[in-house]
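Structural overview for review
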Amino acid sequence: MEKSKILVIGATGNLGYHMAEASLEFGHPTFALVRDSAFSDPIKAHKLQCLSHAGATLLKGSLQDEASIVEAVKLVDVVICAVSAKQTLDQKLLIRVIKQVGSIKRFIPSEFGSDPTRAQVTELDDGYNFYAPKIEIRQLVEDEGIPYTIISCNFFMRILLPSLAQPGLKVPPRDKVTIFGDGNTKGVFMKESDVAAFTINAVDDPNTLNKVVYLRPPGNVYSLNELVEIWETKTQKKLEKLHVSEEELLKKIKGTSFPDNFEMLFIYSAFIKGDHTYFDIESSFGVNGTELYPQLKYTTISEFLDTLV
């Protein structure tokens, strides 16, 4: 079967760059829509040079420039949008263009993260504000009848895992660790390059059409207590446990405004409310990515933590 032509939007970002790399690696003709300004940023320019050398076609344009979006969308079969969360609503013009052009076989909107329709943090204004734009975009895609696949990968490893989910820390704790709630609720962590590999495998798969692909790989689903235990085993050192109740954490979240409280918000969502794992994946709305693509290798939490010891 001929490989779909893929357009990646956000290819100079962390996830988007891995998307473009994976698209090329799996043999897809790959295009990237790139802002003019990216070429004058040394880090972004280097990424673009690497993608270009690997065979990607770079197209100048942006999510605000309708003509450039139309031109890019007409060249491809699949559109993957990997812009940051704060740009979520910027996808509206892209969705309108995809609907007008009418030839896109699959759209992967910039959702990723945990499934916003399953988030149980609506009692928090900040929590709702974070998830609401993603819900709005998903609804718009469905209302327009655009063929889509949603990727729900939960946490990226680089965000909370290096600190063992300790707000404000960038490295693992060496003496004391805070356990939120009872510490038994499980969260999911994925490396961005692995998320990209699962995404690219899903774009041509009829099993993922108009479905959410949930990533919960064995070895990547752990509670805070289990994360601490793994870390203690690796460092051969016991940590002093400090316990923060759900009520205390909620009070801290409400006393801080977004985005300063985003780490606590994510911890509350995953490790207290269980938003990553509280529901079963049912065929009416979703599929299990690791069961669909057992051939894909991925970095486990234990392997990631090995790099931090």
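As a reminder, the structure under discussion sits directly above these lines.
So, here's what we can say about the structure. Here the structure is a predicted model, which means the values were calculated and not measured. (Residues numbered from 1 in each chain as written. Predicted model: local features only at pLDDT ≥ 70, side-chain atom pairs only at ≥ 80, totals over all residues. Heavy atoms only, no water.)

Attention now goes to the overall build of the chain. Each helix and strand counted, the chain has twelve helices and 13 strands in total. For 309 residues, the compact-globule estimate of 2.2 N^0.38 gives 19 Å, and the chain sits close to it at 20 Å. Within the chain, contacts between residues separated by at least 24 positions form 81% of all contacts whose residues are at least 6 apart in sequence. For the chain, the accessible area works out to roughly 14,000 Å², and carbon and sulfur atoms hold 50% of it. The centroid of the 33 positive side-chain charges in the chain is displaced by 2 Å from the centroid of its 40 negative side-chain charges. (Helix = DSSP H or I, 4+ residues; strand = E, 2+ residues; numbered from the N terminus. Rg over C-alpha atoms; globule rule 2.2 N^0.38 Å. Contact = heavy atoms within 4.5 Å. Areas by Shrake-Rupley, 256 points an atom, 1.4 Å probe, with all protein chains shown as cover. Lys, Arg positive; Asp, Glu negative; His and termini not counted. Charge placed at Lys NZ, Arg CZ, Asp CG, Glu CD.)

Two measures describe an aromatic ring pair: the distance that separates the ring centres and the angle between the ring planes. Enumeration over the complete set of coordinates arrives at eleven aromatic pairs. A centroid spacing of 5.2 Å and a plane angle of 70° characterise the contact between phenylalanine 130 and phenylalanine 266, whose relative ring orientation is edge-to-face. Of this pair, phenylalanine 130 sits in helix 5 (residues 125-143) while phenylalanine 266 sits in helix 10 (residues 262-272), placing them 136 residues apart in sequence. Each member of the pair, phenylalanine 130 together with phenylalanine 266, is buried. Each ring, one from tyrosine 278 and one from phenylalanine 279, has its centre 5.1 Å from the other, and the planes form 75°; the classification is edge-to-face. Residue classification places phenylalanine 279 among the buried residues on the basis of a relative accessible area of 6%. (Phe/Tyr/Trp six-rings, centres within 6.5 Å; stacked < 30°, edge-to-face > 60°. Buried < 20%, exposed > 50% of the residue type's maximum accessible area, 1.4 Å probe, protein only.)

This brings us to the pattern of salt bridges. On inspection of all chains with the given rule, the structure shows 13 salt bridges. The closest approach of N and O atoms between aspartate 77 and lysine 105, which form a salt bridge, is 3.9 Å. Residue aspartate 77 is found in the loop between helix 3 (66-73) and strand 4 (78-81), and its partner lysine 105 is found in the loop between helix 4 (91-101) and strand 5 (106-108); the two are separated by 28 residues along the sequence. On the basis of relative accessibility, which here comes to 53%, the residue lysine 105 falls in the exposed class. (Salt bridge = Lys/Arg side-chain N within 4 Å of Asp/Glu carboxyl O.)

This brings us to unusual backbone geometry. Backbone geometry at asparagine 210 places phi at a positive 55°, although glycine is not the residue there. Tracing the chain through its elements places asparagine 210 in the loop between helix 7 (192-202) and strand 10 (211-214).

Once that is clear, we can look at the packing of helix 9 (residues 246-254) against helix 10. Remark: helix 9 packs on helix 10, axes separated minimally by 9 Å, with the N-to-C direction vectors making an angle of 150°. In this view, helix 9 runs roughly antiparallel relative to helix 10, as classed from their interaxial angle. For helix 9 against helix 10, the interelement crossing comes out left-handed. For the pair helix 9 and helix 10, contact is made by Glu246, Leu249, Leu250, Lys252 and Ile253 and by Met264, Leu265, Ile267, Tyr268 and Ile272, respectively. Of the residues contributing to the contact of helix 9 with helix 10, the split by class is eight nonpolar, no polar and two charged. (Axes fitted to C-alpha atoms, helices over the stretch in contact; angles between N-to-C directions. Parallel < 35°, antiparallel > 145°, perpendicular 65-115°, else oblique. Left-handed = near helix turned anticlockwise from the far one by under 90°. Nonpolar A, V, L, I, M, F, W, Y, C, P; charged D, E, K, R; others polar.)

With that settled, the discussion passes to the pairing of strand 3 (residues 57-60). Pairing between strand 2 (residues 30-34) and strand 3: four bridges, direction parallel. Within strand 3, the residue paired with leucine 33 across the bridge is leucine 59. Since strand 2 and strand 3 lie parallel, the crossover through helix 2 (residues 42-54) that links them has a hand, and here it is right-handed. (Pairing = 2+ DSSP bridges. Right-handed = clockwise from strand over helix to strand, strands pointing away.)

Spatial strand order, 6-10-13: three strands in an open sheet with parallel pairing. Edge strands, defined here as strands with exactly one partner in the open sheet, are strand 6 (149-152) and strand 13 (286-288). Here the strands of the sheet are splayed against their neighbours by 25° on average, with no regard to which way each runs. Two strands pair when backbone bridges link them, and strand 10 and strand 13 are joined in this way by three bridges, in the parallel orientation. Across the sheet, the residue bridging to valine 213 is valine 287, located in strand 13.

As a further point, take the sheet that holds strand 7 (residues 155-156). Taken in spatial order, the three strands of this open sheet run 7-9-11, and their pairing is mixed. Looking at strand neighbours, the two that pair on one side only are strand 7 and strand 11 (221-223), the edges of this open sheet. Relative to strand 9 (residues 186-190), strand 7 runs parallel, the two being bridged by two bridges. Within strand 9, the position partnered with phenylalanine 155 by the bridge is phenylalanine 189. On top of the sheet, helix 7 reaches strand 7 and strand 9; it is set at about 80° to strand 9, its chief contact.

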